[in-house]
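Residues per chain are reported as follows:
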Amino acid sequence: MRRPGLERGVAVVTALLVVMLATTVVAGLYVRESVTVRSVENRLALSQTRWVERAAIDWAKVILRADARGGVVDHLGEPWAVPVAETRLDETVTAGAKIGDASRPAMLSGQILDAQSRLNLTAMIQGGQLSSAHLEAFRRLLSLLGQPESLADMVLARLLRSQPRSIDGRTVPAAELGLLRLDDLRTVPGFEAATIEALRPFATVLPEPTLVNVNTAPAEVLAAVIPGVDLAAARRFVARRERTFFRTLEEAALQFDGQPVLPANLLSVGSRFFLVRGMVRFDRVEALSETLVSRSSDRVEILWQQRY
C-alpha cells in the first residue's frame, strides 16, 4: 500500500537534489567563464605592456643615437641621464585598449644608466691574458665594500676557465661558460646574494673589456681604479663633477686632490654600453625590465634583456 506522505517527501528531496545539482553545474560554468575572462584580460594587459616596453626601448635607442652625434664624451648632464618619473600614458599609446571601467591607466617610468660607470669584471682578461691593473682595481673595490679581496681571484679563475685554450696547436673549447651578467657570480665559489648586491652599484659584466667613464663613475669605483686616491678624495671629486664634466682625463685630473695621473688603461671620458631600466604597468600587470645595449656611431643594439 502506497503512503502519499512518503511519496511527497521523496519528490521534495528529489526536487531539491535536482536544484542543487543544477546550481552546482551553473556555478561551475560561471567560475570557469570568470577564469577564462580573467585569463584573456591578463593576456591583453601583458601584450599591451610588452608593446609599451618595446616602445620605451626604441625611445632609449633614439636618445642614445642622438647623443652619439654630439661627440664622444658622455656625462650625467646629458638628456640620456635624466630619469623618467612615473608617467601616465595616453590611451593612444595602448591603441585604446581598456580592460574595464575600473582598469588602471598605463604607467611608465625608467632610466638609462651608463654601464661603464662601473668596474667591468670582464676586463680582467684582455686578449687571453691577465690585466693586472684591473685585477688590483677589483681587489681594492672589494676592500672598500668590506668584502674579502680573495673573491677577485675566484672571479679571475672563472674567467680564465671560460677562455678557449690551445693544446698541441689545437683550440680546445672553454671548460666553463663565461659570465654574462653580474648575477652569474652566484656560480662562483664564495659569492653569496648579499655580496652580489653590495657589488651591483659598482661592478658589472660586459661582453668585452671596457674602460671606466670618469664622468659617470661613483666615488667607490674611482677610488678603486686610481692608485693613490682614497674614498674621501674620490667623493670630493664627484661633488665637484656635479657642476661640470671633462673632455679629457687631463682635465679630470685637475679636479682631484694632488692632481694624480689618471691611468688611460683604466679610465675614459665616454661610453659604449648602457643599461635601460624600466617599469611598465597596465591594469593588473606590472613589468620590470633591464636591458643592456651597445652603441656604435650609427646604431644601438640590444645585447640582452632581463625581466623581473
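All figures in this text were calculated on a predicted structure; none of them were measured in a lab.

Conventions and cut-offs
- Residues numbered from 1 in each chain as written.
- Predicted model: local features only at pLDDT ≥ 70, side-chain atom pairs only at ≥ 80, totals over all residues.
- Heavy atoms only, no water.
- Pairing = 2+ DSSP bridges.
- Helix = DSSP H or I, 4+ residues; strand = E, 2+ residues; numbered from the N terminus.
- Axes fitted to C-alpha atoms, helices over the stretch in contact; angles between N-to-C directions.
- Parallel < 35°, antiparallel > 145°, perpendicular 65-115°, else oblique.
- Left-handed = near helix turned anticlockwise from the far one by under 90°.
- Contact = heavy atoms within 4.5 Å.
- Nonpolar A, V, L, I, M, F, W, Y, C, P; charged D, E, K, R; others polar.
- Buried < 20%, exposed > 50% of the residue type's maximum accessible area, 1.4 Å probe, protein only.
- Polar contact = N/O pair within 3.5 Å; in protein donor to acceptor, adjacent residues only side chain to side chain.

Visitor: Quick one: what's the story with the sheet that holds strand β2 (residues 107-114), residue by residue and with numbers?
Guide: As a general point, the strands of a sheet are linked pairwise by backbone hydrogen bonds and lie either parallel or antiparallel. Taken together, five strands build an open sheet; the order of strands is β1-β2-β11-β12-β13 and the sheet is antiparallel. Each of the sheet's edge strands pairs with one partner strand only, and the pair in question is β1 (84-88) and β13 (300-307). Geometrically, the sheet is characterised by an average inter-axis angle of 20° between neighbouring strands, direction not taken into account. Two strands pair when backbone bridges link them, and β1 and β2 are joined in this way by three bridges, in the antiparallel orientation. Bridged to V84 within β2 is G110.

Visitor: Give a detailed account of the packing of helix α2 (residues 132-144) against helix α3 (residues 150-161), specifying residues and quantitative values.
Guide: Interhelical geometry of α2 versus α3 gives an angle of 140° and a closest axis separation of 8 Å. Here α2 is positioned oblique relative to α3, judged by the angle of their axes. Regarding α2 and α3, the two cross each other, and that crossing is right-handed. Taken together, the residues of α3 that come into contact with α2 (itself represented by L135, F138, R139 and L142) are L151, A152, D153, V155 and L156. Taken together, the residues of the contact of α2 with α3 break down into seven nonpolar, no polar and two charged.

Visitor: Just give me the short version of the environment of D114, but keep the residues and values in it.
Guide: Looking at where D114 falls in the secondary structure, it is placed in strand β2. On the basis of relative accessible area, D114 is assigned to the buried category, the value being 4%. Spatially, the C-alpha atom of D114 lies 8.9 Å from that of V276, the residues being 162 residues apart in sequence. With near-sequence residues (within four places) excluded, D114 lies in contact with W80, N213, T216, S271, F273 and F274. Among the polar contacts listed, one links the side chain of D114 to the backbone nitrogen of Q116, at a separation of 2.9 Å. Among the polar contacts listed, one links the side chain of D114 to the side chain of N213, at a separation of 3.3 Å.

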